[in-house]
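# Observations on chain architecture
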Amino acid sequence: MDPLDRLAEPSLDLLRRVDALLAAGVPEGHRVWPLLRRMQVLPGDAVRGFLDLHPAPLAGAGHAVRRLIRGYDDVSAAFTDPVLWSGPAASAYGQERAALLRHLDEGPESLVGRLESTAGYADALADWVEGSRLALARTLADVLRSAEAVSVVAVTAAGAPLRPGPVGPGVADAAEIAARVLAVLCVAYDGAETLLRQWAPSLAESAWRPSADDRPRYGQPTRVGW
C-alpha cells in the first residue's frame, strides 16, 4: 500500500463533495474550466480511475518479457553450430541462416531488440505510474488539510440540496480543489503521452531483413529409382 492508497478513502469522500458542488455551478473564468474541458471528467471520477493504476503489474510484465529473451538466445546459439557439409545447398543454407540470425538477434530492429524495447517501455511506464501516484498523493494530502476542504465539508455536511443556479457557498473552494487535483493529473497524462511518443519507434513490428540473395538455391534434386 502506497501513500495514494492510504489517502484514497478520505480523498474520495472530499472529492465526492467537490463534484456535487461543481455540478451545481462553477465560477465563470475560474482556472478549473480549461482543465475540465481537457480531462472531460470531474476530479472525483478522475482520481477514482487513477487509483486502479499500479506499477507492479507493469514491472512484472517487463521481467516476463526479459525472460523470453533467453529462449531466443538458445535458438540463436543452435543456428551458430558449424555445418559439416558443403556445396550449393550448404551455401544457400548459410545465407538463410545468417538472415535468420540477424532477424532474431542483431540490433534494435531484431526480435530480441524489440523484446528489450518492450521490456524497457514497461519499466518506463511502471516508473511513470509510481511517480504520478506519489505526485497525486502529495497534492491530495495538501488539499485534505486546506481551508478550502474545511469549507467544502461544512457546506455539504448541512445536507441542503444543491441546485443549478448562481454560484453558492463553497463552490469557489470546490473549484480550487478541483483545479489542483486535475492539474496534477494533466501533468501525469502528459508524461504518459511523452513516453509513448519516445518509445513508439522502438516498439514497431520487426520486419524481415532478407539475405543479399534471398532466392533458395538447393541444387538439382536427385531422382531415386526403385
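Okay, so let's go over this structure. Note that the coordinates shown come from a computational prediction; the quantities given were computed from them, not determined experimentally. (Residues numbered from 1 in each chain as written. Predicted model: local features only at pLDDT ≥ 70, side-chain atom pairs only at ≥ 80, totals over all residues. Heavy atoms only, no water.)

Here we take up the packing of helix H1 (residues 3-24) against helix H6 (residues 111-144). Where H1 contacts H6, the axes come no closer than 9 Å and their chain directions differ by 45°. The angle between H1 and H6 places the two elements in the oblique class. Viewed along their axes, H1 and H6 form a crossing whose handedness is left-handed. Across the interface between the two elements, Pro3, Leu4, Asp5, Leu7, Pro10, Ser11, Leu14 and Leu15 from H1 touch Arg133, Leu134, Leu136, Ala137, Leu140, Ala141, Val143 and Leu144 from H6. Residue composition of the contact of H1 with H6, by class: 13 nonpolar, 1 polar and 2 charged. (Axes fitted to C-alpha atoms, helices over the stretch in contact; angles between N-to-C directions. Helix = DSSP H or I, 4+ residues; strand = E, 2+ residues; numbered from the N terminus. Parallel < 35°, antiparallel > 145°, perpendicular 65-115°, else oblique. Left-handed = near helix turned anticlockwise from the far one by under 90°. Contact = heavy atoms within 4.5 Å. Nonpolar A, V, L, I, M, F, W, Y, C, P; charged D, E, K, R; others polar.)

Where H1 contacts helix H8 (residues 171-199), the two axes come as close as 9 Å, and the packing angle between them is 120°. Of the possible angle classes, the one that applies to H1 and H8 is oblique. Both H1 and H8 take part in a crossing whose hand is left-handed. Of H8, the residues touching H1 (which contributes Leu14, Leu15, Val18, Leu21 and Leu22) are Val171, Ala174, Ala175, Ile177, Ala178 and Val181. Taken together, the residues that form the contact of H1 with H8 break down as 11 nonpolar, no polar and no charged.

Structural remark: α-helix, 3.6 residues per turn; residues separated by three or four positions point the same way. Three or more residues of helix H3 (residues 43-50) are buried, namely Pro43, Gly44, Ala46, Val47 and Phe50. Viewed along the axis of H3, the buried residues span an arc of 165°, placing them on a single side of the element. If you follow the buried residues of H3, they end up packed against H1, H6 and H8. (Buried < 20%, exposed > 50% of the residue type's maximum accessible area, 1.4 Å probe, protein only. Arc of directions from axis to C-beta.)

As a further point, take the side chain of serine 146. Tracing the backbone shows serine 146 in the loop between H6 and helix H7 (147-157). Of the polar contacts made by the side chain of serine 146, one reaches the backbone nitrogen of alanine 149; its length is 3.2 Å. (Polar contact = N/O pair within 3.5 Å; in protein donor to acceptor, adjacent residues only side chain to side chain.)

Our next topic: the environment of glutamate 28. By the secondary structure assignment, glutamate 28 is in the loop between H1 and helix H2 (32-39). For glutamate 28, a relative accessible area of 82% gives the class exposed. For the pair glutamate 28 and alanine 172, spaced 144 residues apart in sequence, the C-alpha to C-alpha distance is 9.9 Å.

Scanning the model with the defined rule gives 9 salt bridges in all. Note that arginine 16 and aspartate 13 form a salt bridge whose closest N and O atoms lie 2.9 Å from each other. Here aspartate 13 and arginine 16 lie together in helix H1, a separation of 3 residues that amounts to about one turn. For aspartate 13, a relative accessible area of 32% translates into the label partly exposed. Between arginine 48 and aspartate 45 there is a salt bridge, with its nearest N and O atoms 2.7 Å apart. A residue pair is termed a helical-turn pair when its members lie 3 or 4 positions apart in one helix, as arginine 48 and aspartate 45 do in helix H3 at 3 residues. Judged by relative accessible area, aspartate 45 falls into the partly exposed class, the value being 44%. (Salt bridge = Lys/Arg side-chain N within 4 Å of Asp/Glu carboxyl O.)

Quick look at the nonpolar core now. Formed by 42 residues in total, the largest nonpolar core has its most connected members in Val18, Leu136, Ile177, Val181 and Leu185. Looking at this core, the elements that each hand over two or more residues are H1, H2, H3, H6, H7 and H8. Tallying contributions element by element places H8 first for this core, with 14 residues. Not counting chain neighbours up to four residues away, the residues in contact with valine 18 comprise Pro43, Val152, Ala174, Ile177 and Ala178. The next biggest cluster of nonpolar side chains, apart from the first, holds 5 residues, and it includes Val65, Ile69, Val112 and Leu115. (Core = buried A, V, L, I, M, F, W, Y, C linked by side-chain atoms within 4.5 Å.)

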